[in-house]
Each structure stands twice: as C-alpha cells, then as structure tokens.
Amino acid sequence: MRIATWNINSVRLRIGLVEQFIDEHKPDVICLQETKTVNETFPAAALAAKGYKHQHILGMKSYNGVAILSRLPLAKTGVKNWHNREDCRHIFAELPDGTEVHCCYVPAGRHIPDPKANPKFAHKLGFLDEQTAWWKSRKDKSKATILVGDLNVAPLEHDVWSHKQMLGVVSHTPIEVEKLLNWQKAHNWVDAVRHFVPHDQKLYSWWSYRANDWEASDRGRRLDHIWVTPNLTASLKKTKTLKHARGWDPKPSDHVPVIVDIG
DNA sequence: ATGGTAGCGTAGCTA
C-alpha cells in the first residue's frame, strides 16, 4: 500500500500536476491539503477517471481544504474540528483492512512567534494542544492508524536548512517543536519518514516561493509528515520525498509530495 | 532588518 501526502496549494490550478504525480508514482491513497475550493468545484471526476473513485473531501472557499483520494474503498469517513472552527483542516477515513487514515492541515501561524501578539500563532499552538489531548484520550490505541499532512512544524534540527537561524522563525520555534513532539508522544506516533532517513541528514518538503532560486539557496523545511502507529512499524517498506517536484512546470506547489510504502 | 512570491478572486487575507 502506497500512501502520499501533498500540500497542493489549489487543486484546481494544479490538477495537471496531480495527474502527473499519479502517472509517475501510482499511490493507492493520496492525501491533499490546501485544496482551496468548495466540494462542488473539486475536480472529483478527473481524479475518479484516474482510478481514485473513493473520495472523502472537505473544502471551503479560498482557504484550507483537505482530501483523501483512494483506489480502495473508504469507510467510516469523518471530520475533526479544532479550536472552535469549522475550517476544513482535518478529515479521516478507514481503508478495507481497517487502517484509519487521517489527513491534517495545521495552521501556519504567520510570522510573529508570540501567542499574545499574534492570534494566528495562538491558534496554531491551541490546535496542537487539542490534537495532543484528543489522541492522548483515545481508547483504541492499538488500532492501525496513519496520520499524514502539512503539520507546519519542522521538528528536527535537520528538518530545516539552519537550525540556529530558524530557532526564532515560526515552524521551528522551540514551543512549536515541543508541542508537535508532545502530540507525537501522546499516541506513540512513529515518524515513518525519519524511520528511514537518518536524523543527521537534511530533508525538506517545502521551499518558499520567495527565494530567487529555491534550488540554489535550498533553504527548505520539512513541514509535511507521515506518522504511523507502532504496530505498523514492521510493515514500513520505504519512503520518498519528491524534491524535484518543487521544479515541476509550469507552476509548482511550494510543497512536494511525500510517499511511504506500507505492508 | 527588510522584502521577496503565490492563490483566490478581484481587495485583502493567508501562506
């Protein structure tokens, strides 16, 4: 089973790139974030034609939006809301073998890393806290579960181009890293990507649009994650982060797809 | 320290 996560930054604008990604990598399940469209205008037919007949989508106008697209049937689909908002950031579904898949888009939190001065950062921290509490209180801890998405935090030193220079930059501040790692601990999540890629090796899934030359400067961050419950660890086969997709023509997303093969 | 780009939707918010 191949699962992929990709912050697509408008699924309507980039449906062609999604189709290219499908042709080249043939994932069984694709989780998208920042689809940026209401369900009525989501390109459901184009994706069904590619074999993804089972779709659980949740979108709103202009912002956010998540989707689980699957070649395999999806059951027990649902939505989670955090921080008292219905802002289309978290959906889940169950695969035929009973594995639960969560597709999540954590708020970015804007620039100022101070929850008092910046309500968007407060929202991000609250979102992380509520996720942590919810997963901690879950009773079915042994249920095979995969959580993927743009978590908007690069937790490890080598998940950013410069740990030192990024300590004060939202996405890598100590408070966010602590909260993301607490969320990980709360459900014993295994970082399926770092399971394969050594912690001292740089790995990014996002490069800013604002760089003159994203590839030359290579100031990336690993914001997109695939986590699995410990009972799936033995089934992890391999992972791939498609760095070259950041250069796809004509209009790449600022995030690239992250893939894990399981079972 | 600042400003740099992108998408939606057509101003300004969000990233």
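Everything numeric here is computed off the predicted structure, so don't read it as measured data.

Asks: Please provide a residue-by-residue account of the sheet that holds strand β4 (residues 66-70), values included.
Replies: Strand-to-strand pairing in sheets goes through backbone hydrogen bonds, with the strands running parallel or antiparallel. The sheet built from six strands is open, its strands ordered β3-β4-β2-β1-β14-β13 with mixed pairing. Looking along the sheet, the strands with just one partner apiece sit at the ends: β3 (54-58) and β13 (236-241). On average, each strand axis in the sheet is inclined to that of its neighbour by 10 degrees, with strand direction left out of account. Docked against the sheet, helix α1 (residues 15-25) engages β1 (2-7), β2 (29-33) and β14 (258-262), running at close to 155 degrees with respect to β1.

Asks: Please provide a residue-by-residue account of the state of the cysteines, values included.
Replies: In total, this model carries zero disulfides according to the counting rule given. No disulfide involves Cys-88; its nearest neighbouring cysteine sulfur is the one of Cys-103, lying 12 Å away. Residue Cys-88 is classed as buried on the basis of its relative accessible area of 7%. Between Cys-103, a cysteine without a disulfide, and Cys-31, which holds the nearest cysteine sulfur, the sulfur-to-sulfur distance is 4.4 Å. A relative accessible area of 0% means that Cys-103 is categorised as buried.

Asks: Explain the nonpolar core to me, and be specific about the residues and the numbers.
Replies: Judged by nonpolar contacts, the single largest core of 29 residues is most densely connected at Ile-3, Cys-31, Ile-68, Ile-146, Ile-226, Val-228 and Val-260. Those elements that place two or more of their residues in this core are β2, β4, β6 (90-94), β7 (100-105), β8 (145-150), β12 (224-228) and β14. Dropping the residues within four chain positions of it, Ile-226 is found in contact with Ile-3, Thr-5, Ile-146, Leu-147, Val-148, Val-190, Asp-191, Ala-192, Val-193, Val-258, Ile-259 and Val-260. Val-11, Ile-22, Trp-214 and Ala-245 belong to the second largest nonpolar core, which has 25 residues in total.

Thresholds applied
- Residues numbered from 1 in each chain as written.
- Chains lettered and ligands numbered in written order.
- Predicted model: local features only at pLDDT ≥ 70, side-chain atom pairs only at ≥ 80, totals over all residues.
- Heavy atoms only, no water.
- Pairing = 2+ DSSP bridges.
- Helix = DSSP H or I, 4+ residues; strand = E, 2+ residues; numbered from the N terminus.
- Axes fitted to C-alpha atoms, helices over the stretch in contact; angles between N-to-C directions.
- Contact = heavy atoms within 4.5 Å.
- Disulfide = S-S within 2.5 Å.
- Buried < 20%, exposed > 50% of the residue type's maximum accessible area, 1.4 Å probe, protein only.
- Core = buried A, V, L, I, M, F, W, Y, C linked by side-chain atoms within 4.5 Å.

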